[in-house]
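# Topology and contacts: notes
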Amino acid sequence: MLDVRRMQVLRAVVSSGSVTGAAAVLGYTPSAVSQQIAALEKEARTELLERVGRGVRPTAAGLLLTGYADAIGRQVAEAETALADLLAGRTGRLAVRYFATAGAALVAPAVARLRTEHPGVQIELKLIDPEDPLPDVREGRADLALVVGPAGHEGVRLLHLLDDPYLAVLPEGHRLADAPEPGLSDLAEEPWVGSEWPGPCLDAQLSACEAAGFRPRFVVESEDYVTAQGFVAAGLGVSLIPRLGLRNGVRDGVVVRELRAPEPTRSIYAAVRETAPPQPALRAFIAAMRSAAGVG
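Now for a quick tour of the structure. None of the values given here were measured: they were computed from a predicted structure.

## Some details on the environment of Val232
Within the fold, Val232 resides in helix α8 (residues 225-233). Measuring from C-alpha to C-alpha, the distance between Val232 and Pro191 comes to 10.0 Å, with 41 residues separating the pair along the chain. Excluding its chain neighbours within four sequence positions, the residues that come into contact with Val232 are Val169, Leu170, Pro171, Val193, Gly237, Val238, Ser239 and Val254.

## Thoughts on the packing of helix α1 (residues 4-16) against helix α2 (residues 19-26)
Closest axis-to-axis distance for the α1/α2 pair is 8 Å, and the angle between their directions is 120 degrees. It follows from the interaxial angle that α1 and α2 lie oblique. Like other packed secondary-structure pairs, α1 and α2 cross with a definite hand, here right-handed. Residues Val9, Ala12, Val13 and Ser16 of α1 lie in contact with α2, whose contacting residues are Val19, Gly21, Ala22 and Leu26. Of the residues assigned to the contact of α1 with α2, the class counts are six nonpolar, two polar and no charged.

## Looking at helix α3 (residues 30-44)
Between its terminal C-alpha atoms α3 stretches 21 Å, which fits the 21 Å expected from 15 residues at 1.5 Å a residue. Where α3 is concerned, the buried positions are Val33, Ile37 and Leu40. Buried residues of α3, seen end-on, are gathered within an arc of 60 degrees and therefore sit on one face of the element. Exposed side chains of α3 directed beyond 90 degrees from the buried face belong to Gln35 and Lys42. In this structure, the buried residues of α3 make contact with α1, α2 and β1 (49-52). Phi for Arg45, located one or two positions after α3, is positive at around 60 degrees.

Here is what the cut-offs are and how they apply
- Residues numbered from 1 in each chain as written.
- Predicted model: local features only at pLDDT ≥ 70, side-chain atom pairs only at ≥ 80, totals over all residues.
- Heavy atoms only, no water.
- Helix = DSSP H or I, 4+ residues; strand = E, 2+ residues; numbered from the N terminus.
- Contact = heavy atoms within 4.5 Å.
- Axes fitted to C-alpha atoms, helices over the stretch in contact; angles between N-to-C directions.
- Parallel < 35°, antiparallel > 145°, perpendicular 65-115°, else oblique.
- Left-handed = near helix turned anticlockwise from the far one by under 90°.
- Nonpolar A, V, L, I, M, F, W, Y, C, P; charged D, E, K, R; others polar.
- Expected span 1.5 Å × (residues − 1).
- Buried < 20%, exposed > 50% of the residue type's maximum accessible area, 1.4 Å probe, protein only.
- Arc of directions from axis to C-beta.

This is the structure:
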């Protein structure tokens, strides 16, 4: 097999026209250059240089290998540039898993910012609700996932982004519609409209209700914020919807009120793989989401 480094020595000799000139360019002794050429000729099983006066010129084989050495040198330079861009975060690829409300509030502005500041970074977005995205992160299929937690997950590190409080959504004309900050316990005897899938978001609601001394009586399971507002507007019950879930607007026929403690809150985290190597593009994306969340 031909030694790539010795091919670069050959290229230097051919470019300079002499062993002495190549030695000066490479910082070698002329003897070391001659030894490298002799070793390459042994690998090639043919002569690569012939003497012409005080200098040398390539044989047909030497000229052939010099051309390949030029191409290899260009490719190595391109690889070094590409690697530098990747390590600096100017290029790369991020696979992101997200759920709907966090996507609109955090991921969308983060993607827009990254496209402006790091246009060479490609971002693959995938909506995961209600699937569990952590296996994708742990097994390297995704670089980052937005999750509601925290919970212990081996091999995954959770970075807190924000706490998203649940607000009371009441029908117009409800007895608490004009209360500035009703208590959660004030809703204990009300029929409830569900707005969450079973999981950590619903658990946050149920834990707060338990702390307030009751368990809600769900009469409708909508598992969707827009649909839940529709059921509330129709007078079928009250609901809790996170602040991020109301960013796209509150429909007619409902009133939204903040709750006094215990205030149901879901905590949103960015999940990354513990053993993942440093990725400047990933750090920039997390910083952009923190900025969109109003933290850090």
